[in-house]
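Understanding the architecture of this molecule
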Amino acid sequence: MASVRSEDPTLKCHFKGHRDLVTALHFNPSNTQLVSSSLDHTLMMWNHRQQHRAYRFIGHTDAVNDVRFSPSGNLMVSASRDRTIRLWIPNVRGDSTPFRAHQANVRSVDFSPDGQQLVSGSDDKSLKIWAVHRHKFVCSIATHTNWVRCVRFSPDGRMLVSCADDKTVQVHDTLNATTLHTFTELKTSCTHVAFHPSGSCIASASKDGVVKVYDIRTRKLLQHYDIHEEPVLGISFHPSGHILATCSADKTLKLLDLLEGRPIYTLHGHQGSVTCCNFSASGEHFASGSQDKQVMVWQGNLKSVEPCKNLEEVEEERSCSPLNVTAQVPFDRESDKDDDIVVVEDFREEEGQQERSQGNHHHVQVKGNDVRDKRAEDELRNMLVKFESTLQHLSSQMDTLTQTCVILEQRLSMVENKVAEVAYQQQNMSKNM
């Protein structure tokens, strides 16, 4: 069977700016920008032309675990360890809306294909579906028994696939919030899942270095790849459905030819664990993020082929080794300096409830090359962080006082009712006498 490769993949550009491990990546639909999230509490939006400034979005108060563009590209959503998800407008104003989403770390988030809904997955073992424009909680699915690592919509929006530390992959119906099937063949925890572009198959990545492809109609394992020496941390399908990209803690990426059932490329370039990967909507590029804090954009150099509607059951071919491609990253250009980055920062105290966001879009402060005194900027940021902490403490105290008042009012009402009842009984006794 003919391979879909044309020329070897090449490194197109690389970006430096994050101050900690990169957790997730996603291209906007027009393929002009790429957003990344990080343990450094921020998002960064990159332009493919390195001479254009990057944007750093600050709003979360803890590590950001996942980020996705909406299908139209006019919104972004991020998931954080601070237990919230945030909707962002991806421009220099960076307006954002926080959702008080879960009781624990939120690890994954995704838009439905029509952009009308969100799904989030958390360490509280639940999935939650949200209405985007109403900022309203819709329903919850709580069938996992351990931390939910990843959740994704199907291409038609009718299903969800999720994976968790309970060593299962589950497929759910979004219409009635029920679980259709649970795949239990995994030997270790699953780290990432993805729908095939056809919607008929799913792929899973796990900590034992294995990637599996399942047919969700027959509920059978189609393909099994034991290809990485360490945990597989991310996967992404090429839009054609012929290629699957994988990334691993062994510092490599691999491209799998799903028609031939074998890896065709091993890509080297990152200096640490490769934590995430993502194909662009056109399939022309794919990106990778790493523990080394860098983002790399690769030129795929893959032939244009007809979309793959169905994958067949094949065994992994071991006789043919994948080609090795090593990217030489020039480290002389210090593109991670703050002078190259516009910071979009949110100082507003978040408002919200557990199941519904009460916050409105709000203005942010923009900084760039005009900020020269970094020490003053750091002092100001520290003051604002302390101020925000004080406000949160006061807000918590106000909540406690409010609850106390409600309890006192309830007790007072009970006493008044009791007094009225006793008075009525005495009045009746007086009449009878």
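Everything discussed here concerns the structure shown above.
An account of the accompanying structure is given in this report. (Residues numbered from 1 in each chain as written. Predicted model: local features only at pLDDT ≥ 70, side-chain atom pairs only at ≥ 80, totals over all residues. Heavy atoms only, no water.)

Moving on to the overall build of the protein. Across its full length, the protein holds 1 helix and 31 strands. Of the roughly 20,500 Å² that the protein leaves accessible, carbon and sulfur atoms contribute 48%. (Helix = DSSP H or I, 4+ residues; strand = E, 2+ residues; numbered from the N terminus. Areas by Shrake-Rupley, 256 points an atom, 1.4 Å probe, with all protein chains shown as cover.)

The subject of this paragraph is the sheet that holds strand β9 (residues 96-100). Overall, antiparallel pairing links the 4 strands, which are arranged β6-β7-β8-β9 in an open sheet. Of all the strands in the sheet, just β6 (64-69) and β9 have a single pairing partner and so form its edges. On average, adjacent strands in this sheet sit at an angle of 20 degrees to one another, irrespective of strand direction. Across 5 bridges, strand β8 (residues 84-88) lies against β9 in antiparallel orientation. Paired with I85 across the bridge in β9 is F99. (Pairing = 2+ DSSP bridges. Axes fitted to C-alpha atoms, helices over the stretch in contact; angles between N-to-C directions.)

A few words on the sheet that holds strand β18 (residues 190-195). The strand order β18-β19-β20-β21 describes an open sheet built from 4 strands, whose pairing is antiparallel. In the strand order of this sheet, the two ends are held by β18 and β21 (220-226), each with one partner. Neighbour-to-neighbour, the strand axes of this sheet turn through a mean angle of 20 degrees, independent of strand direction.

Bringing the pattern of salt bridges into the picture now. For the structure shown, the criterion picks out 8 salt bridges. Linking D123 and R107 is a salt bridge whose minimum nitrogen-to-oxygen distance equals 2.5 Å. With a gap of 16 residues between them, D123 in the loop between β11 (117-122) and β12 (127-131) and R107 in strand β10 (residues 106-111) connect regions that are remote in the sequence. No difference in accessibility class separates D123 from R107, as the two residues are buried. Between D215 and R217 there is a salt bridge, and its shortest N-O distance comes to 3.0 Å. (Salt bridge = Lys/Arg side-chain N within 4 Å of Asp/Glu carboxyl O. Buried < 20%, exposed > 50% of the residue type's maximum accessible area, 1.4 Å probe, protein only.)

Bringing the environment of S154 into the picture now. Considering the arrangement of structural elements, one finds S154 in the loop between β14 (148-153) and β15 (159-164). Separated by 45 residues in sequence, S154 and G199 place their C-alpha atoms 5.9 Å apart. Among the polar contacts listed, one links the side chain of S154 to the side chain of D156, at a separation of 2.6 Å. (Polar contact = N/O pair within 3.5 Å; in protein donor to acceptor, adjacent residues only side chain to side chain.)

What follows concerns the packing of aromatic side chains. If you walk through the whole model with that rule in mind, you get 7 aromatic pairs. Ring centres 5.6 Å apart and planes at 70 degrees place the aromatic pair F57 and W88 in the edge-to-face group. Here F57, found in strand β5 (residues 54-58), pairs with W88, found in strand β8; they are 31 residues apart in sequence, far enough to count as distant. With a relative accessible area of 1%, F57 lands in the buried category. An aromatic cluster is defined as three or more aromatic residues linked by ring pairs; in this entry it consists of F99, W130 and F137. (Phe/Tyr/Trp six-rings, centres within 6.5 Å; stacked < 30°, edge-to-face > 60°.)

Turning next to unusual backbone geometry. Phi is positive for K293, which is not a glycine, with a value near 75 degrees. With respect to the helices, strands and loops of the structure, K293 is situated in the loop between β27 (285-290) and β28 (294-299). Phi is positive for N301, which is not a glycine, with a value near 55 degrees. Within the fold, N301 resides in the loop between β28 and β29 (323-326).

Turning next to the pairing of β10. A large share of β10 lies buried, amounting to 6 of its 6 residues. Pairing analysis gives 5 bridges linking β10 to β11, with the strands arranged antiparallel. Residue pairing in the sheet places V109 in a bridge with S120 of β11. Linking β10 to β11, which pair antiparallel, is a turn of 5 residues; within it G115 sits at a positive phi near 75 degrees.

A word on the side chain of T191. The topology assignment puts T191 in strand β18. Within the structure, T191 has its side chain in polar contact with the backbone oxygen of V232 (distance 2.5 Å). Ignoring sequence-local partners within four residues, the contact set of T191 consists of R149, C150, C163, A205, S206, K207, V232 and L233. (Contact = heavy atoms within 4.5 Å.)

Here the focus is the nonpolar core. Nonpolar side chains in soluble globular proteins tend to be buried together. Of all hydrophobic cores here, the largest spans 18 residues; its most connected members are L253, L255, L267, F279, F286 and W298. The contact partners of W298, leaving out residues within four places of it in the chain, are T10, L11, K12, L253, L267, H268, E284, H285, F286, A287, S288 and A327. Judged by nonpolar contacts, the second largest core, of 17 residues, contains C201, I235, C308 and L311. (Core = buried A, V, L, I, M, F, W, Y, C linked by side-chain atoms within 4.5 Å.)

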